[in-house]
Structures are given as C-alpha cells and as structure tokens.
Amino acid sequence: MALTSPSILSCRSIHRLNPFLFSPHCRHFRLLPPRWNPRRRSRKFFSALASENEVFTSPAIAKSFDFASEERIYNWWESQGYFKPSFDRAGGDPFVISMPPPNVTGSLHMGHAMFVTLEDIMARYFRMKGRPTLWVPGTDHAGIATQLVVEKMLAKEGIKRTDLSREEFTKRVWEWKEKYGGTITKQIRRLGASCDWSREHFTLDEQLSRAVAEAFVTLHEKGLIYQGSYLVNWSPALQTAVSDLEVEYSEEPGHLYHIKYRVAGGTKEDFLTIATTRPETLFADTAIAVHPEDERYAKYIGKLAIVPMTFGRHIPIIADKYVDREFGTGVLKISPGHDQNDYHIARKLGLPILNVMNKDGTLNDVAGIYNGMDRFEARKKLWADLEETGLGVKKEPHTLRVPRSQRGGEVIEPLVSKQWFVTMEPLAEKALSAVEKGKLTILPDRFEKIYNHWLTNIKDWCISRQLWWGHRIPVWYIEGKDCEEHYIVARDEREALEKAKEKYGKSVEIYQDPDVLDTWFSSSLWPFSTLGWPDSSEDLQKFYPTTILETGHDILFFWVARMVMMGLELTGTVPFSYVYLHGLIRDAQGRKMSKTLGNVIDPLDTIKEYGTDALRFTISLGTAGQDLNLSMERLSANKAFTNKLWNAGKFVLQNMPDKSDTSSWELILINEFDTEASLINLPLPECWVVSELHRLIDSVTASYEKFFFNEAGREIYDFFWGDFADWYIEASKTRLYHSGNNSTTSIAQAVLLYVFENILKLLHPFMPFVTEELWQALPHRKQDLIVSTWPKTSLPREIVSVKRFQNMQALIRAVRNARAEYSVEPAKRISASVVASSDVLGYISSEKEVLALLSRLDLEHVHFTELPPGDINQSVHIVASEGLEAYLPLADMVDVSSEIQRLSKRLSKMQSEYDALVARLNAPSFVEKAPAEIVRGVREKASEAEEKIALTKNRLEFLQSTVSIAK
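This section reports on the structure supplied with the text. (Residues numbered from 1 in each chain as written. Predicted model: local features only at pLDDT ≥ 70, side-chain atom pairs only at ≥ 80, totals over all residues. Heavy atoms only, no water.)

1. Details of the sheet that holds strand S20 (residues 510-512)
Cut-off, in case you're wondering: One bridge is not enough; two strands pair if DSSP finds at least two bridges between them. Strands here are runs of E lasting at least two residues and helices are runs of H or I lasting at least four, both read from the DSSP assignment and numbered beginning at the N terminus. In this analysis an axis means a line fitted to C-alpha atoms, helices contributing only their contacting stretch, and an angle means the value between N-to-C directions, from 0 to 180 degrees.
Judged by pairing direction, the sheet is antiparallel, and its three strands sit side by side in the order S19-S18-S20 without closing on themselves. Of all strands in the sheet, those with a lone pairing partner are strand S19 (487-489) and S20, marking the two edges. Direction aside, neighbouring strands of the sheet carry axes that sit 30 degrees apart on average. Strand direction decides the pairing type here: strand S18 (residues 475-478) and S20, joined by three bridges, are antiparallel. Paired with Tyr477 across the strands is Tyr511, a residue of S20.

Written out as structure tokens, the structure reads:
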C-alpha cells in the first residue's frame, strides 16, 4: 500500500516503518546507522504535582490511562473550588451559561451527554481564557413525568392517587425526589461537567417558586394572563390539559365513516352524507357546512338537518368556504367542542358549543344511551347502530393523523375547558425584535427562520395543568362567589387574604386554585430565577444577562423562545446573547435511538468501555445543529486517540532530565518561542513544528470563539497525530539518542515539552481527564491544567522553514511509497541519491539524520548532488516536488530476478481474472438479464483490473530492462 500521507498510517504500519515509535523497545539501537553512538540516560519518570498527592497517576506507572481515575480527578477539581467563578484574573466579562435542567425523573442518555459535553467545552475554554466562568446546574420538577412515576410506584402498593389527599400525595412525591432525584446529577458529574454545584437549583426550590409566583402576578397585572373556557388539548389518561407543543402527531391506520344526515321536512331522498373519522363526536354537532359554490348541496343551504341517533335534534345547514369539496363527500359536520377548526368556525359564526366528552375520555349524558361508554367503545357501538338503522353508509380504510400525548402516549382529545392562558403576541413581538436588532444570535443561523416563523404565528399559551405536582397557580377564589368573576392574584396566601379582606370584608374565606402551572412556565424563568430574581441579588448583578444558552434544536419553541420572551418582559433584557442548538444523537444507521429498535447506547456503559474523554470527543465532532450518527467504530478510534496521547506523554517524560538535574532543566526552560528571533534560530524540524503549533493556536482559538467545536477538535486531532506524533516525535529521536550536541538535545526537549503542553491546553476542554492526568505528570507546571492560562495567539511563524520541512516531508513520503511499492523489508536500509539545487540540498542535507531515520535510508550511503547519478537506469526515480528528486538503487531494494518471477506470476493471474470479467460482460444473457447494479459492479471490477495490469506490466518491463542493462 502506498503511504501518501503520515496521517493515514495505522499504528501497525507506523511501527513497521519505524519500530522506535512508542515501542517498549524504543531504546533498542541496532537499527540505527552504525556510526551513531546512542547514549541511554538513566532517567526516572516524575510527576510535578502528582507526586504531592494521591490523585494523579504518571505514565511511568500506568501502561495506559485508567478510566477509573476519572471520578477521582473530578472530585479533586471540585474540592479545589475550580468550578466556581473566579475574578482573580482580568479575563473580561463573566462567561455564564445555564444548564438545561434535566427532568428529576431522568437517567443519563446520549442527549444529556451531548449538552453536557458541549457546555463543558465552553465553560472550560472560557475559564482558561481568564473569564469568570459560571455554569449553573439544576433539575426540573417535570410535573407530568414525575407524577406518573410516583403514581406507578403507588399502584404497586395498591394505592391510587385519588385515595390520598393532595398533601399526602405531594409528600410522597417529595420523598421519592429525595431518594431518587439526585441520580441524574450524579451521572452528569461522570461526564466531567465543571458546573458550580454550590449553585445547583431545583425548579420547586423555595426561591424559584417565589420567582414563579412573582412572574405570574406581574404578567397578570400587565394584562398578559387571563382565564377562560377554550378548546384545549386534553389528556384523558393524565387528566390534564397539555400544550400544542406537547402533542405529537403520528400517521396511523383508521377508518373514514360515511353517515346519512336526513334533511328536516324532506323526503327519504333528501339527506346529506358526511364523512368523518370520529363518529362518536356527532352528538356534539351544532351545524353541517357545505361549500357555497358546491351545486350538489346548494338547495339545502339554510335548511335543517337531523343529527342521527339523537331522537330528532336539528342543526342548521350552512355555507362556508372553509369546506374542502374534494374531501370525503364535501359535507362537513361542525363539532366545535371537539375539533380545533370547527371551534374557530363556531366562534366566527356564533354557533353554540356542545361537549360530549367527560374528562376521562368517556361520553357524557349528551350522548344519550351511549353515556358512560369509553370513546373508542362508543365509536364501535354507534357505528353498528348506524348500520342497523340504515344511516351508516360505508366504512373505508383511511390513514389518520392521530394526536398523541408526548408524555403518556394516549390519544389527545380536543376539549373545551376553563384554563389560564398567557397572551403571547405582544411578548413574541419583542422576541422577534431581539433577533432582528442583533441582540440575540441563533447558531446555526438557519434556525433563525424557524424561530421567526413560530413567533409570527404564535397562539396563546395554556399554562394551567390539572396536576398535583408542581407550582400551584397563585390565584385564590372567594367562598360563595363566582370563580370567573371573583378571584385574587397574589404572591402567597397571606397576601391573597389581605387583598380579599380589603375587597370583601374581614370575614371573607378564600381557597386556592387547584391547578398547577405548566412545567415550561417555571423553566422559562430559569436564566434569571437561578441567579436570584426577583431579588436584586449579587449573582443577578454579576452574572445576568447570561452569555449563551445551549440546548437541542427540538426545544427551540418549548423552552428557548419562551425564555427570551419572559426575560425581555420581566427583566427588560434578553436573557442570553447567543443560542447554540445541537442536533439529536442517532445510531450508526441514522435511526433514532429507541428501546423498541434495541439500539439505545447507554452513556455510562460507553464510559466504562471507552472512557469519558473518547465519548466526549466523538460527540463534539458533530456539526452544530445537525444530527450525529454514533458508531462504535468512532468511539474505538477516539479511545485509540486517548492511548496515543498517553504514549506521547510517556515519550516526552522519558526524554526529559531527572527532576534533580537543575543544570539540564535550566537549559530547557531558558528556551522561549514567542519571538521571531527565537524561532528562526531553531533547527528545521523544531522551527517547523513550533510554527505549525502557533498556526494551530490561532485557528483553534478562533474556532472556539465562534463555537465551531467540531472544527477545533479536528484541527487539534490532525496536528497531534499527523504533525507532532508521526513527524516531530520521530524527528526528535535523532537529537535525543545522538551522543553529540547537548544544546541540540536540550532544544529538542524544550520543543517537545512546549508543543505537548500546548496540545494538552488546546485539547483540555474536549478531553479533560486524560489531559489533566498528563499535565500533572509534566515538570515545573505552576498551575493545574483546568485553570491554566490559554495559549497566547498571534505568535510568530517561520513560513520559509515550514515550506522547507514540507519539502522534506514530500521526499520522505516518496521514499516510503517506493519502499512499499517494491515491498522492501521494513528493517532494510537502502541507499539514495538526492538531486536538487544547492539551496534545497543545503537544508535537506543539514537534516540528513532525520531523512535517513524517517525514510529508513543507510545514512552512510545517502548522497546529495545537483546532477543525477550515473546508474539512473538501474534506479527507481522518484519526484518529491518541483526541483527535488531522488534515485533509489534497485539492487538495494529487491532481488530483481525473484521480483520478475513474482510479478510474472501475478500478471498471469490478473490477466485470467480480467479475461473472465470481460467474458461475462460480452455475454448478452448477462448484460440483458442481470440487475443493473450487478452489471455496473462487474464493469468497475474490470476497469480496476485493467489499470492494475497496466501498472504491473510497466513495473515488469522496468525490471526486465534493468537486467538487460546489467548484462
């Protein structure tokens, strides 16, 4: 296989080309050129800070990074107070981010791993930049989800929620929360989340509950909260209203029922046939509508129709352009109490609204003889009765768009109910303006259109829920008075009673609204309620507004837009300057993870097998806003990356002086690389790698600042693996193992240390555990990595040296490719004549040891000349770049006679295979009858075989020509 780039070398191929690379026998020198006199220093590994405590493990002790040490490192960080914001460094304004509060019922899944990784990358980066960094953690009380969990728990004890008083039930929920509610936060810690746990919040905390009451009262005083009976999404199983955003629609098989409605006063032939998917709602019909231009039914407009199975109840036949003449029969039954569109028509035309449904999904007394039946059972019974009476025309298969509860999964029932609402239009206008004026930036920017579309078409928000777990609505009613007319809105019961006494007299009695607020209502206050609002707290003054909100794009409306609206209305400012939206994590085939498919990947299991760093790095390389397909292959590759880092750290430490060797350390530490003068005086490989590091620092820092984490991660990965490990570590061995110049050795040591420590800094936000462990093992570190200073930008680069070393790399690659092409034994060293101009030869020859080591050339027989050698016809000619060539004597590389025999046999076999493919393609029966994909595959194989034959013939002819020349 041709080795075109060091970045594609596998560990095996690298070791084959150079057994020194991270080999346990890297001090085994028999493969070095004979005139070298390697000096093996007796050195000890050491750890600068690790030796002072028992937290860290040096690469001297451990063969590889131990994932079990991650929790120990995390606890140590937290014990040092590093997760708290520090104002000790003048690094600019605070960087503040609020953690999307996971449900208190939750356990860690890959969605959590995604947001924790991305937010921790941000926090660690800006902390190292010197900005006071606050990442606020917390959990959500998750009204519906938590109540369901506890109800199921009680059911196992044979207890129903309704068997308990409200106070008894909520007490049981709090007991459950205290016992199990901390599971998710413990798991989030395993991911390395460097959030300030001393500021952890729960949405039902006393302070946050006070903020919720304040928000409700304030919005009500502004006329933005009202109570009314409107059509809402009702969950019969949960016995509560749910918002539009909590309803998911699915395509499901069902039926379209055709039913006769007789025209009052007409003959047996006078009837209208309607087509409906929900015949049980006909008891709530208040009109029948046809299109005004539909000639089929024009004669019936203005007459009355008889609702089937209602013992003669009459409803008007009306005309409305809303009716779709092409759907069903073109006749629409209007059931305003059970359909959103019908509800709007009824409000527009002043039609009455009937409700046939109880809140548990059974039919009420409006349904007559079907009273008390479950809605789906009633549908079956009603249809049977309609068929029996001749009013059921036909039932045909039809694909339904079924609304289901996001939480419970049951079919949602549109139902008229008295609820509390927030008027959204004035709030939405401010939120739209914030983006338009640049006060809020949404990343990726394509989501800005979606944000604008939703806010432009927003509906009022139903915020009341018929649950027991959550924030009670801060509304009190007056005993003996009409609830809709007489109520008190207050921050607490004491204030409510004072207001009530002032208005209704001292003997007044009050009782609180039994409903709770939508969980998203309290979550919409999260960025400022967690910082102390409504009080003017120190945290609110220092850290609000926050910097960025990071979350999944699927809750842009549920949460993000509502936070923007509430922040603007209640605090007068946008709660964050940026919104960063990530995608979903899918399996390797791009499918959504689900228990049904059996493709759920558990983050904790993944961490045990691959390590937290590998998981974090894999997740972070996804493109912002796009879904990420997670495969075991990617995780395995990044686990190998972790090991590669560890081995690089082992190599660096192994080649440093003893800690007690102060004179050697002085020679190393005196080197600085922040000026052009210091850079230009470095040898070529050192100048190249430092220059490329400085370019990397600038590029990666810019990517971090723009939140382009995938680009930053890939750049660091490519530099570490492709430039540092594959090239500079190998080149440095010519300095470290040579007995000559101590100054050259100390420069190489200084460069190794400088580059490696900066790699650890750049990589730390992505892979915090292994980088901190390695950092602690490095000598003379003055800070722990998590709070170390971010590398300076705009450091010098020596472009000429970079281009020169790239030229040398091209030559080394070309020699490696030739060796691979001729299957030269890895241990065999060959001769070479390098041909170039005097200028190029000058810098190439000055690094001939590097050239010889990395190309596996015989150092004693590497010649540098401006003219081709005399035996070019018996040499392999390679062109590295314009003006740089080399000639490799063929006799050094292979046994020509044996190679001719091998290639002749190979050519014969290849020709036979090619002839067989051509024969298949020439057979009409194959081309005409075989599937197009099969035929195309055979053609591609034939084309590839033809190319290989041509290459093999050329090489064979070349070898044969060298034999004839030799004779």
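2. Notes on the packing of aromatic side chains
Rule in force here: Under the pairing criterion, centres of Phe, Tyr and Trp rings, with the six-membered ring standing for Trp, must be within 6.5 Å; the plane angle then separates stacked pairs below 30 degrees from edge-to-face pairs above 60, leaving the rest tilted. Working definition: with a 1.4 Å probe on protein chains only, accessible area under 20% of the residue-type maximum means buried, over 50% means exposed, and in between means partly exposed. We call a charge positioned above a ring when the Lys NZ or Arg CZ atom is no farther than 6 Å from the ring centre and deviates by at most 35 degrees from the ring normal.
Applying the stated rule across the entire model yields 49 aromatic pairs. Ring centres of Phe216 and Trp420 lie 5.8 Å apart, and the angle between their planes is 70 degrees; on these two criteria the pair is classed as edge-to-face. Note that Phe216 is positioned in helix H7 (residues 206-221) and Trp420 in strand S14 (residues 413-422), a separation of 204 residues in sequence. Taking relative accessible area as the criterion, Phe216 reaches 0% and is therefore assigned buried. Over the ring of Trp775 we find Arg781; its NZ or CZ atom is 5.7 Å from the centre of that ring.

3. Points about the side chain of Thr519
Which entries qualify depends on this criterion: Any N or O atom pair separated by 3.5 Å or less is treated as a polar contact, with the protein-specific requirement of one donor-capable and one acceptor-capable atom, and with residues adjacent in sequence counted only for side-chain atom pairs. When checking whether two residues touch, look at their non-hydrogen atoms; a contact exists if any pair is within 4.5 Å.
Here Thr519 shows up in helix H13 (residues 519-523). Relative accessible area serves as the criterion here: at 15%, Thr519 is assigned to the buried category. Here Gly143 takes part through its backbone nitrogen, which lies 3.0 Å from a polar atom of the side chain of Thr519. Non-local contacts of Thr519, meaning those with residues more than four positions away in its chain, are made with Asp140, His141, Ala142 and Gly143.

4. Some thoughts on the sheet that holds strand S26 (residues 830-836)
Strands sit in the order S27-S26-S29-S28 across an open sheet of four strands; the sheet is mixed. Here the strands that pair on one side only, and so sit at the sheet edges, are strand S27 (857-865) and strand S28 (875-881). Shown here is a sheet whose adjacent strand axes are inclined to one another by a mean of 25 degrees, direction ignored. By the bridge criterion, six bridges tie S28 to strand S29 (residues 884-889) in an arrangement that is antiparallel. Directly across from Val879, in S29, lies its bridge partner Glu885. Against the sheet, helix H26 (residues 799-821) makes contact with S26, S27, S28 and S29, and its axis sits at roughly 150 degrees relative to S28, the strand it touches most. Packed onto the sheet, helix H28 (residues 848-855) meets S26 and S27 and runs at close to 125 degrees relative to S27.

5. Focus: the pairing of S14
Two faces belong to every sheet, and in a regular strand the side chains alternate between them. With respect to burial, S14 is a largely interior element, eight of its ten residues being buried. Of the strand pairs in this sheet, strand S5 (residues 225-235) and S14 are connected by ten bridges, and their pairing is antiparallel. From the neighbouring strand, Tyr226 faces S14, where its bridge partner is Phe421. Pairing of S14 with strand S16 (residues 461-462) involves two bridges; the strand directions are antiparallel. Considered in S16, the bridge of Phe421 is made with Cys462.

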